[in-house]
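Survey of secondary and tertiary structure
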Amino acid sequence: MIKQSRMQVFYRVLPILIVIIALTARFLPGTRTIDDAYITYRYSQNVLEGHGLVYNPGERVLGTTTPLYAGLLALSGLVFGGARAPFPGISLVINTIADALTCLLLINIGRKLNVRWAGVSAALAWAVLPYSVTFAIGGLETSVFVLILTGLITLYLEQNYTLTALLAALSLLTRPDAALLLLPLGLDRLFLAIRKGVRIHWPEAAAFALPLVFWIAPAALFYGSPIPNSIAAKTSAYNLPAEAAFIRFLQHYATPFMDNLTFGSAGIAIGLVGYFFLNLTGGLRLIRENYRSWSWVVFPWLWFAAYSIANPLVFRWYLTPPLPSFIFTLLAGVEFVRRDITAGRLKSLAGPVILLMLIGPSLLVLRGWTWDPDHGPRTPAPDMAWIQLELKYQEAADYLSSIMEQPEDTVLAAGDIGALGYYTDARILDTLGLISPEAIPYYPTQPEYYVNAYAVSPDLINDLQPDFVVLLEVYGREGLFKNDDFNAAYDLIHTVETDIYDSHGMLIFSKK
């Protein structure tokens, strides 16, 4: 009885400790803003300046896929300084709170599905996982998105269908790929309504429909379409092998705790067998425990399949949303196996196995941290929180700001637009097309222009004639910089030294 009592006290204290760890793991590194986050910040700034949810004032283009997060930042900025509010710091606070709440929800889901140690272990891993921390401190919407997805699964397990429907709508307004969870969840809800007699009442339907109608109708009128322009841009601009996304996700799911950093390539091979087996075992047993959990169990695999088929350039934040479900399910598999092998005579091993289960994943994950980063704030941070490119763009922005007399009337072309747009206030021509639909018809460009996954189209620059062009040398090496019309119209005026992506500097050109 004494041991059981101590275990119960330990279990009650753990959520508090995990929240403290999650808060520390985000506030300690500080803000390390990712370029795409600056895009959202600028949308929020323009809302507060009265221009509406746009990137360039006067240009009605929906280039962000996260209107809800942009609105949340704008609302926060209204309280903390207006259009010039410290958005990186605001997003850090919002994301940190979101991740701490996600940890608590994972513990709660573990309790509901009778795998409480799996829930605690998943929460502890999420608290320090670089794929979680990096994008929280990087200013992206990932933490809020994951919180909403985890919250709606929690509510669905509790059979609170109205609040589940509300969070389902908000998830779509945070990121459209939330549909990959809402699809199985919706099918299960229809099954309950048709076969089990659990009717869909009007508050539930309204909770889902009204937020979407309140967004879609104004967006269709303002932009011409509620579908983000960035989706079309990303499908045409990059040059990738057909299997690129599939291989990337296969490797990712084989190393959810960044096992390759400890075990090398052998960790990938072991994970392909071991983790996939544990995920399958845990998923089947969870569904048997509560059949409503099946949509969350299959969610990571729907995500895997959808991204593999679409084959976009896989940015690291695309890899994060399915991880809480994937990790929780495989740890549930560990717990079920632990129960099987520690039954009867081996019952005395239960405590040590639980302890290993708790701390093992988190110890592996900590290999992905550096205690003395070589750039940015010199406080411990995940290795993934790499912002050297963003710092170089800030250098370029500082130089441009010193020579631009009227930034709002200056057209600046670039392939990575976040930091440049945020720090210069110039009118941006996005050569990728995320916020500049006029760029999309120029892609895909000639295959020989690509040194890596992206190359700037020479025709785009020659036709639209921006005042300045800023890009890594590798983006124009085989195409733009060998184009006679471009060389006749533009002068190289400044170089920011860097070898990122094997580039020979970041080059700034001015129209003659």
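The following paragraphs examine the structure supplied in this document. In this text the structure is predicted, and so the values were computed from the model without any measurement. (Residues numbered from 1 in each chain as written. Predicted model: local features only at pLDDT ≥ 70, side-chain atom pairs only at ≥ 80, totals over all residues. Heavy atoms only, no water.)

Notes on the packing of helix α2 (residues 35-48) against helix α4 (residues 87-112)
Orientation of α2 relative to α4, taken along the N-to-C sense of each, is 110°, at an axis distance of 11 Å. One element, α2, and the other, α4, form an angle in the roughly perpendicular class. Contacts between α2 and α4 involve Tyr 41, Ser 44, Gln 45 and Leu 48 from the first element and Phe 87, Pro 88 and Ser 91 from the second. (Axes fitted to C-alpha atoms, helices over the stretch in contact; angles between N-to-C directions. Helix = DSSP H or I, 4+ residues; strand = E, 2+ residues; numbered from the N terminus. Parallel < 35°, antiparallel > 145°, perpendicular 65-115°, else oblique. Contact = heavy atoms within 4.5 Å.)

Quick look at the packing of aromatic side chains
The full count for this structure, using the stated rule, is 39 aromatic pairs. Here the aromatic rings of Tyr 454 and Tyr 475 are separated by 5.3 Å at their centres, their planes lie at 80°, and the arrangement is edge-to-face. Of the two residues, Tyr 454 is situated in the loop between β4 (427-430) and α20 (458-464) and Tyr 475 in helix α21 (residues 473-476); the sequence distance between them amounts to 21 residues. We note that Tyr 454, like Tyr 475, is buried. The ring centre of Tyr 55 lies 4.3 Å from the NZ or CZ of Arg 42, which sits over that ring. Positioned over the ring face of Tyr 161 is Arg 189, at 4.3 Å from the centre of the ring. (Phe/Tyr/Trp six-rings, centres within 6.5 Å; stacked < 30°, edge-to-face > 60°. Buried < 20%, exposed > 50% of the residue type's maximum accessible area, 1.4 Å probe, protein only. Lys NZ or Arg CZ within 6 Å of the ring centre and 35° of its normal.)

A few points about the side chain of Thr 142
Positionally, Thr 142 belongs in helix α7 (residues 142-157). Excluding residues that lie within four positions of it along the chain, Thr 142 makes contacts with Phe 135, Trp 317 and Thr 320.

Topic: the pattern of salt bridges
Taken as a whole and judged by the stated rule, the model has 14 salt bridges. Of the charged contacts, one joins Glu 59 and Arg 427 as a salt bridge, the two residues approaching to 3.1 Å between their closest N and O atoms. Within this pair, whereas Glu 59 is found in the loop between α2 and α3 (67-79), its partner Arg 427 is found in strand β4, the two being separated by 368 residues in sequence. Residue classification places Glu 59 among the partly exposed residues on the basis of a relative accessible area of 25%. (Salt bridge = Lys/Arg side-chain N within 4 Å of Asp/Glu carboxyl O.)

A look at the nonpolar core
Counting 157 residues, the largest nonpolar core has Leu 152, Phe 257, Phe 328, Leu 420 and Val 470 as the members making the most contacts within it. Counting residues per element, this core draws most heavily on α7, at 11 residues. Leave out the neighbours within four places in its chain, and Leu 152 touches Thr 164, Leu 167, Ala 168, Ser 171, Leu 181, Leu 182 and Leu 185. (Core = buried A, V, L, I, M, F, W, Y, C linked by side-chain atoms within 4.5 Å.)

Quick notes on the pairing of β4
Strand direction decides the pairing type here: strand β3 (residues 411-414) and β4, joined by 4 bridges, are parallel. When the sheet's bridge partners are listed, Leu 412 is paired in β4 with Ile 428. (Pairing = 2+ DSSP bridges.)

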